[in-house]
Amino acid sequence: MLFYSSDNVDNIFKTIMGWNVDGVIAISFSDVNCEKLNQTTKKPIIAIDCFYSGKQNQSSVPNIGLDDRMGGYLMTHHLMKAGYESVYVCCYRNYGVDAWRWQGAQQAPEEAGEMGSGCKLKMIELGTTAEERERTYREIMRQMPFRGKTALFFTADILAMEAYYFLLRGGVKIPEDVGIAGFDDNAEAIGFSFLRLTTVRQDFSAKGRLAVEELVKAIEDPTYQMRSHSLPVSLVLRDSV
């Protein structure tokens, strides 16, 4: 068993081709790179959290993922129900699972009828570097106090906690000044925080377990057709909103 991680996709391809692997689990690859890997290696491949690089899936590789749209919908619906007049959906960039979670969030006001009619929903792309995100957090602080009850819904717990500590140093009170919600129920991100983060829970272990089970079946039986899975999510309500 070989575990290999790199920011350079070409290095990953070279490493896989250089080892006599029986199969591959590709984590957070684009659909284009999954398909390229599939065509190049001719080995059983399954993805975890594969994301579309365009409007349509361009890969035949099965994927183990989440019902990300439902997660975005559930949290946004909860925030509207809790009386938040503005919800900022904060993500790294508008692609992959972040885009799907944003799509789910957009469905909530549309389907909530009168309850959602007064809610203002906006997406904020925070950026992929700490410097980019810090500039955005400073801009958010400059908007305080907000005119209406406002929540920041982060598409990853690690982003929610990063923003929380930045805002905390600036004297912002959570949830009195602004509510904060996350996505993942990531114990590593939130386990040592005083903030009890409201979030969307996913089962990380189930993703890995299903991927391995499917891959082993395909390795042992070349006629086996691996299946994609979309795992359910659920709300975890705590004190941050």
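Structural data are supplied above this passage.
Below, the structure is looked at part by part.

What counts and how
Residues numbered from 1 in each chain as written. Predicted model: local features only at pLDDT ≥ 70, side-chain atom pairs only at ≥ 80, totals over all residues. Heavy atoms only, no water. Helix = DSSP H or I, 4+ residues; strand = E, 2+ residues; numbered from the N terminus. Buried < 20%, exposed > 50% of the residue type's maximum accessible area, 1.4 Å probe, protein only. Phe/Tyr/Trp six-rings, centres within 6.5 Å; stacked < 30°, edge-to-face > 60°. Lys NZ or Arg CZ within 6 Å of the ring centre and 35° of its normal. Polar contact = N/O pair within 3.5 Å; in protein donor to acceptor, adjacent residues only side chain to side chain. Contact = heavy atoms within 4.5 Å. Pairing = 2+ DSSP bridges. Axes fitted to C-alpha atoms, helices over the stretch in contact; angles between N-to-C directions.

1. Observations concerning unusual backbone geometry
Logical step 1: Between M144 and P145 the backbone carries a cis peptide bond, its omega angle lying at 0 degrees.
Logical step 2: Among the secondary structure elements, P145 is positioned in the loop between α6 (130–142) and β6 (150–154).
Logical step 3: Backbone torsion omega between I174 and P175 reads 5 degrees, so that peptide bond is classified as cis.
Logical step 4: With respect to the helices and strands, the residue P175 is situated in the loop between α7 (157–169) and β7 (179–181).
Logical step 5: A positive phi is found at K42, a non-glycine position, where the angle reads about 60 degrees.
Logical step 6: By relative accessible area, which is 62% here, K42 ends up exposed.
Logical step 7: The phi angle at D49 is positive, at roughly 55 degrees, despite the residue not being glycine.
Logical step 8: Assignment of secondary structure puts D49 in the loop between β2 (45–48) and β3 (63–66).

2. Notes on the packing of aromatic side chains
Logical step 1: The full count for this structure, using the stated rule, is 4 aromatic pairs.
Logical step 2: Plain terms: the ring middles of F51 and Y95 are 5.6 Å apart, the flat faces sit at 40 degrees to each other, and that makes the pair tilted. One end of the pair, F51, is in the loop between β2 and β3; the other, Y95, is in the loop between β4 (86–91) and α4 (96–112), and 44 residues separate them in sequence.
Logical step 3: Ring geometry for Y164 against Y165: centres 5.1 Å apart, planes inclined by 55 degrees, an arrangement best described as tilted.
Logical step 4: Using a relative accessible area of 8% as the deciding quantity, one classes Y164 as buried.
Logical step 5: Sitting above the plane of the F183 ring, R101 keeps its charged end 3.6 Å from the centroid.
Logical step 6: Between the NZ or CZ atom of K149 and the centre of the ring of Y84, over which it lies, the distance is 4.6 Å.

3. Looking at the side chain of H229
Logical step 1: When you line up the elements, H229 lands in strand β9 (residues 229–231).
Logical step 2: Note on H229: relative accessible area 16%, which makes it buried.
Logical step 3: Polar contacts involving the side chain of H229 include one to the side chain of E214, which spans 3.2 Å.
Logical step 4: Non-local contacts of H229, meaning those with residues more than four positions away in its chain, are made with N63, I64, G65, L210 and E214.

4. A few points about the sheet that holds β7
Logical step 1: Taken in spatial order, the 4 strands make up an open sheet running β5-β4-β6-β7, and their pairing is parallel. Single-partner strands in this sheet number two, and they are β5 (120–125) and β7. Here the average twist between neighbouring strands, direction ignored, is 20 degrees.
Logical step 2: Direction of pairing for β6 relative to β7: parallel, over a ladder of 3 bridges. By the bridge assignment, F153 is partnered in β7 with A181.

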